[in-house]
Amino acid sequence: MRQHKGNLLALGSIPLMMTLGNSMLIPVLPDIGRKLHVSSFRISLLITVYAVIAILLIPIAGYLSDRYGRKAVIVPCLILTVIGGGISAAGAWLLQDLAAYWTIIGGRLLQGAGAAGAFPIVIPLVGDLYEDENEASKNLGVVETYNTFGKVLSPILGAALGAVLWFLPLVVIPGFCLISLVLVLWLIHVPKRKNQPITFREFAENVKQVLADNGRWLYAIFAMGGICMFVIFGIQFYLSEILESRYNLHGVWKGFVLAIPLISLCLCSYLGGKFIGKHKKRMKWIGFGGLAILTISVGILGLVEHIYVVIGLFALGGGGIGLALPCLDALITKGIEKAERGTITALYSSMRFVGVSLGPPVVSLLLGSSGHALLFGMMAGVGGVAALLMLFAVKPEQDETAI
């Protein structure tokens, strides 16, 4: 039991710290831009470069984890995030203006590269550590809860730290990553590999065959994961904008309001992971229900603009995403053989990062040119696509076998 709790603590710390390392900067980006005398576009690259380099490297990290082991990839990647975070913090602390800016960018690139081999590898590692499907599904829900709790905490903590010192969030990020590194080294004990790793050519042929045999539902889950992240990050960006521009809400209070939909997401993710067990049909229908709730809630949002109703519907939509995410994780983890699991889940994680990257800029463009109704009509449309994909593309035959 103690080892079980230790595993979950170490596993959950990875998405928690990685989320804090990125999202915690969002509420303080304007302050960083003013201090370094750079444009808003340039300062937005602090988030973009992190996500883009992760998108590019996640599939490579997935392959390496299948080839050499999950922990063998996670540990050096966490070390890289500590180094990158230290470079960014030192640049902000010791340098000024463009010299500081480019140093921070360089550190963020290293952090993104490290993040590629951190949280994306946790999902297949859970499948490796917990052979029982009930345990694996429940613990994937716990890991997603750590991830979403990081999203809840980020706007509040980032705003609070930034109010003390503008670059303090950059300083604490490498410390958070170091905590996760220590927990992984201390608490995670991966079973020894029973089989010799296959060659890259054999591996590529196996992955190609997996995609050929399971492409319909795998591509659907990739798309659903990207859509969920697109909607939640787009909603967060929208809410952040209107809280300042319409309601003059700033700082920690703004962070608390931003956290409301994420608290709902976090709670539903935990409950969904506990409930689905090893029942793949249950995963499908709970996932579909969550995506349907998301679609309906953001669709209604296009018709109303009262702030309390908007926040309430955001919380409902966040809960729908929270129900869907552990179902997607469990379906993809238990539907793929262990030898290719790291790479397939890495492709899934890349699509989630694509959603994270696209959400804020797309919402910004639509909000500026098209208004409220079209924005949330588009959100409802992509949510509806995700729900239909779950309904028609994912068809588990029975609970005892892979999909």
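In what follows, the structure referred to is the one given above.
The rules behind each value
- Residues numbered from 1 in each chain as written.
- Predicted model: local features only at pLDDT ≥ 70, side-chain atom pairs only at ≥ 80, totals over all residues.
- Heavy atoms only, no water.
- Helix = DSSP H or I, 4+ residues; strand = E, 2+ residues; numbered from the N terminus.
- Rg over C-alpha atoms; globule rule 2.2 N^0.38 Å.
- Buried < 20%, exposed > 50% of the residue type's maximum accessible area, 1.4 Å probe, protein only.
- Areas by Shrake-Rupley, 256 points an atom, 1.4 Å probe, with all protein chains shown as cover.
- Axes fitted to C-alpha atoms, helices over the stretch in contact; angles between N-to-C directions.
- Parallel < 35°, antiparallel > 145°, perpendicular 65-115°, else oblique.
- Left-handed = near helix turned anticlockwise from the far one by under 90°.
- Contact = heavy atoms within 4.5 Å.
- Nonpolar A, V, L, I, M, F, W, Y, C, P; charged D, E, K, R; others polar.
- 1 Å grid on protein atoms, 1.4 Å probe; cavity = no way out; pocket = protein on both sides within 12 Å on 5 of 7 lines; lining within 4 Å.
- Points joined across faces, edges and corners; volume = space filled by probe spheres on them.
- Phe/Tyr/Trp six-rings, centres within 6.5 Å; stacked < 30°, edge-to-face > 60°.
- Lys NZ or Arg CZ within 6 Å of the ring centre and 35° of its normal.

J.: I'd love a proper account of the overall build of the protein, names of residues and values included.
T.: Across its full length, the protein carries 14 helices and 0 strands. Tracing the protein from N to C terminus, the helices and strands come up as α-α-α-α-α-α-α-α-α-α-α-α-α-α. Against the compact-globule benchmark of 22 Å for 403 residues, the protein has a radius of gyration of 20 Å, which places it among compact chains. Counting all 403 residues of the protein, 57% fall into the buried class. Carbon and sulfur atoms make up 68% of the accessible area of the protein, which totals about 16,600 Å².

J.: Explain the packing of helix 4 (residues 70–94) against helix 5 (residues 97–116) to me, and be specific about the residues and the numbers.
T.: The geometry of helix 4 relative to helix 5 is characterised by a closest axis approach of 7 Å and an angle of 170 degrees between their N-to-C directions. With respect to helix 5, the element helix 4 is oriented roughly antiparallel. Seen from above, helix 4 lies across helix 5 with left-handed handedness. Contact residues: helix 4 offers C77, L80, T81, I83, G84, G85, I87, S88, G91 and A92, while helix 5 offers A100, T103, I104, G107, R108, L110, Q111, A113, G114 and A115. Tallied by class, the residues present in the contact of helix 4 with helix 5 amount to 10 nonpolar, 9 polar and 1 charged.

J.: Describe empty space enclosed by the protein, and please don't skip the residues or the numbers.
T.: Evaluation of the coordinates by the stated rule reveals 2 cavities of 30 Å³ or more. In this structure, the largest cavity occupies an estimated 250 Å³ of space. Surrounding the largest cavity, 16 residues form its lining, T19, F119, N147, K151 and F353 being those nearest its centre. When residues of the lining of the largest cavity are traced back to their parent elements, those giving at least two are helix 1 (2–23), helix 6 (119–129), helix 7 (133–164), helix 9 (200–245) and helix 13 (338–369). Of the residues assigned to the lining of the largest cavity, the class counts are 9 nonpolar, 5 polar and 2 charged. Its volume calculated, the second largest cavity comes out at about 30 Å³. Taken together, M17, M18, G21, Y50, T81, Q111, I173 and C177 form the lining of the second largest cavity. When the residues that make up the lining of the second largest cavity are grouped by side-chain class, the tally is 5 nonpolar, 3 polar and no charged.

J.: Quick one: what's the story with the packing of aromatic side chains, residue by residue and with numbers?
T.: Evaluated as defined, the whole model comprises 9 aromatic pairs. With 5.2 Å between their ring centres and 85 degrees between their planes, W166 and F167 make a pair best called edge-to-face. Accessibility classification places W166 together with F167 in one group, the buried group. Each ring, one from Y238 and one from F376, has its centre 5.0 Å from the other, and the planes form 90 degrees; the classification is edge-to-face. Here the residue Y238 occupies a position in helix 9, and F376 occupies one in helix 14 (residues 372–393), the gap between them amounting to 138 residues. The residues Y238 and F376 share a single accessibility class, namely buried. One aromatic cluster is present, built from ring pairs that chain together W93, W166 and F167. We note R282 situated over the ring of F275; from NZ or CZ to the ring centre the distance is 4.7 Å. It is K284 that lies over the ring of W285; its NZ or CZ is 5.2 Å from the centre.

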